[in-house]
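# Observations on chain architecture
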Amino acid sequence: MGIQEGRITSATVGSKGRITIPAPVRIRLGLLAGDRIAFLLSEETGRYEVVPVTCPVAGLRGIVCKPARPVSIEDMNAAIAGQGAWGERRRSLIRARAASVPRRKARP
């Protein structure tokens, strides 16, 4: 099996191990700045596949809790105006996410 013309795109690995994914590949994968990608090793072929890491909508279920009591429009408007509720909730989510990410060990 040979490589078909027009089906191969290359990139160069820089000194820090970084690559720039060519625009046609980013477009084909639907990648935008800040998106994550995964490298999947195929045990059959020994080759890696580059795939976008996506989160299905179903995976978001339960991320927002139901309020203990119904919230009125006036309460919502007050919270939006003050950004107090959202700001604190956002900070707590960021702290929780940071705590759940494993730390990398420094290279010797």
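Remember, it's a predicted structure, so these values are computed and weren't measured experimentally. (Residues numbered from 1 in each chain as written. Predicted model: local features only at pLDDT ≥ 70, side-chain atom pairs only at ≥ 80, totals over all residues. Heavy atoms only, no water.)

### Observations concerning the overall build of the protein chain
In plain terms, the rule: Helix and strand labels come from DSSP, where a helix needs a run of H or I of at least four residues and a strand needs a run of E of at least two; each type is numbered from the N terminus. The cut-offs for exposure are 20% and 50% of the maximum accessible area for each residue type, with area from a 1.4 Å probe on protein chains only; residues under the lower value are buried, those over the upper are exposed, and the others partly exposed. Here, residues are in contact when the closest pair of their heavy atoms is within 4.5 Å. Here, Shrake-Rupley sampling with a 1.4 Å probe gives the accessible areas, and only protein chains in the shown set may cover a residue.
Assigned secondary structure in the protein chain consists of three helices and two strands. Reading the secondary structure of the protein chain in the N-to-C direction produces α-β-β-α-α. Burial status across the protein chain gives 4% buried among its 108 residues. Of the contacts made within the protein chain by residues no fewer than 6 positions apart, 3% connect residues no fewer than 24 positions apart. Put simply, the protein chain shows about 10,900 Å² of open surface, and 57% of that area lies on carbon and sulfur atoms.

### A look at the pairing of strand β1 (residues 37-41)
In plain terms, the rule: Two strands make a pair as long as DSSP finds a minimum of two bridges between them.
As paired strands, β1 and strand β2 (residues 48-52) are joined by five bridges and run antiparallel to one another. Residue pairing for β2: Ile-37 is matched across the bridge by Pro-52. Linking β1 back to β2 in an antiparallel pair, the connection comprises six residues, with Gly-46 at a positive phi of about 75°.

### Considering a nonpolar patch on the surface
Note the cut-off: Residues enter patches when their relative accessible area tops 30% and they take part in no salt bridge; the joining distance is 9 Å for like charges and 5 Å for the nonpolar side chains Val, Leu, Ile, Met, Phe, Trp and Tyr. One speaks of a salt bridge when a side-chain nitrogen belonging to Lys or Arg is within 4 Å of a carboxyl oxygen belonging to Asp or Glu.
Residues Phe-39, Leu-41, Tyr-48 and Val-50 make up a contiguous nonpolar surface patch of about 420 Å² in total accessible area. The set of elements that each furnish at least two residues to the nonpolar patch consists of β1 and β2. Take Leu-41: it is sitting in strand β1.

### Comments concerning the environment of Tyr-48
Turning to its location among the elements, Tyr-48 is positioned in strand β2. For the pair Tyr-48 and Ala-38, spaced ten residues apart in sequence, the C-alpha to C-alpha distance is 9.5 Å. Sequence-distant contacts of Tyr-48, defined by excluding residues within four places in its chain, comprise Phe-39, Leu-40 and Leu-41.

### A word on the pattern of salt bridges
Inspection of every chain in the model, using the stated rule, returns one salt bridge. A salt bridge links Asp-75 to Arg-69, with the shortest nitrogen-to-oxygen separation between them at 3.4 Å. Given the relative accessible area of 54%, Arg-69 is considered exposed.

### Digging into the environment of Ile-21
Its location among the elements puts Ile-21 in the segment before α1 (23-29). Accessibility expressed as a relative area gives 19% for Ile-21, which makes it buried. Beyond its immediate chain neighbours, meaning those up to four positions away, Ile-21 contacts Arg-26, Leu-31 and Ile-37.

### Some words on the confidence of the model for the protein chain
Caution is warranted with low-pLDDT regions, since their predicted coordinates should not be read in detail. Here is the rule: The score called pLDDT rates the predictor's confidence residue by residue, from a low of 0 to a high of 100.
Summarising the model, the protein chain shows a mean pLDDT of 77, and 75% of its residues fall at 70 or more. By mean pLDDT, the top-scoring element of the protein chain is β1 (89), and the lowest-scoring one is helix α3 (residues 84-100) (67).

### Points about the environment of Glu-49
Here Glu-49 shows up in strand β2. Expressed as a C-alpha distance, the spacing of Glu-49 and Phe-39, which sit ten residues apart in the sequence, is 5.5 Å. Apart from residues no more than four positions distant in its own chain, Glu-49 is found in contact with Ala-38, Phe-39 and Leu-40.

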